[in-house]
Amino acid sequence: WVLNVLGLVLVWSICGRAFSARGWCLVLLLVLVGIDAGLWFLDPELEWYVGLSGLLHGMLLAGILAVSLAGSRDLLLLGLLVAAKVVWEQLNGPLPGSEGLAGDSVVVNAHLYGALAGVAAALLIRAGQNRPI
């Protein structure tokens, strides 16, 4: 729980201003739906999942993408590192030491689904902002 809260504080401090409160609520909803759908349909053998790691991956990438699309390139390297981490986990499993730190198994597919849903959420919100009235 402590790691999840610290992760949330970190995400908020890095890119909390990327969206309005309403935008962040939409990001949260879309990322949660993306993770749940991914786990439900693509990992039906999974019997449990706890924690916020997938949500944090999605929020972070949504915020980084939103900031980048707004013209700031300050967070692009961090976004690439998060994406590289997700790819690493898909190819090699959890990062060394992460399961010991988390105290249990790490469901790396939740990170993937969260990251993809976060990118999709940022793009959907951006598209909604650019549509003509």
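See the structure above.
A few points on the structure.

What counts, and where the lines are drawn
Residues numbered from 1 in each chain as written. Predicted model: local features only at pLDDT ≥ 70, side-chain atom pairs only at ≥ 80, totals over all residues. Heavy atoms only, no water. Helix = DSSP H or I, 4+ residues; strand = E, 2+ residues; numbered from the N terminus. Buried < 20%, exposed > 50% of the residue type's maximum accessible area, 1.4 Å probe, protein only. Polar contact = N/O pair within 3.5 Å; in protein donor to acceptor, adjacent residues only side chain to side chain. Contact = heavy atoms within 4.5 Å. Axes fitted to C-alpha atoms, helices over the stretch in contact; angles between N-to-C directions. Parallel < 35°, antiparallel > 145°, perpendicular 65-115°, else oblique. Left-handed = near helix turned anticlockwise from the far one by under 90°. Nonpolar A, V, L, I, M, F, W, Y, C, P; charged D, E, K, R; others polar.

Following the sequence through the fold, Ser 68 ends up in helix 3 (residues 53–69). By relative accessible area, which is 6% here, Ser 68 ends up buried. A distance of 2.9 Å separates a polar side-chain atom of Ser 68 from the backbone oxygen of Ile 64. In this structure, Ser 68 is in contact with Arg 73 and Leu 76, ignoring residues within four places of it in sequence.

Turning to the environment of Ile 35, a few remarks are in order. Locating Ile 35 in the fold gives a position in helix 2 (residues 21–42). For Ile 35, a relative accessible area of 3% corresponds to the buried category. Residues Ile 35 and Tyr 49, 14 residues apart in the sequence, show an inter-C-alpha distance of 10 Å. Those residues within four positions of Ile 35 in sequence are excluded, and the remaining contacts are Tyr 49, Gly 54, Leu 55, Ala 110, Tyr 113 and Gly 114.

We now examine the packing of helix 2 against helix 3. Between helix 2 and helix 3, the least distance of the axes is 9 Å, while the angle of their chain directions is 130 degrees. One way to sum up the angle between helix 2 and helix 3 is to call them oblique. The element helix 2 and its partner helix 3 pack so that their crossing is right-handed. Taken together, the residues of helix 3 that come into contact with helix 2 (itself represented by Trp 24, Val 27, Leu 28, Val 31, Leu 32 and Ile 35) are Gly 54, Leu 55, Gly 58, Met 59, Ala 62 and Gly 63. Tallied by class, the residues present in the contact of helix 2 with helix 3 amount to nine nonpolar, three polar and no charged.

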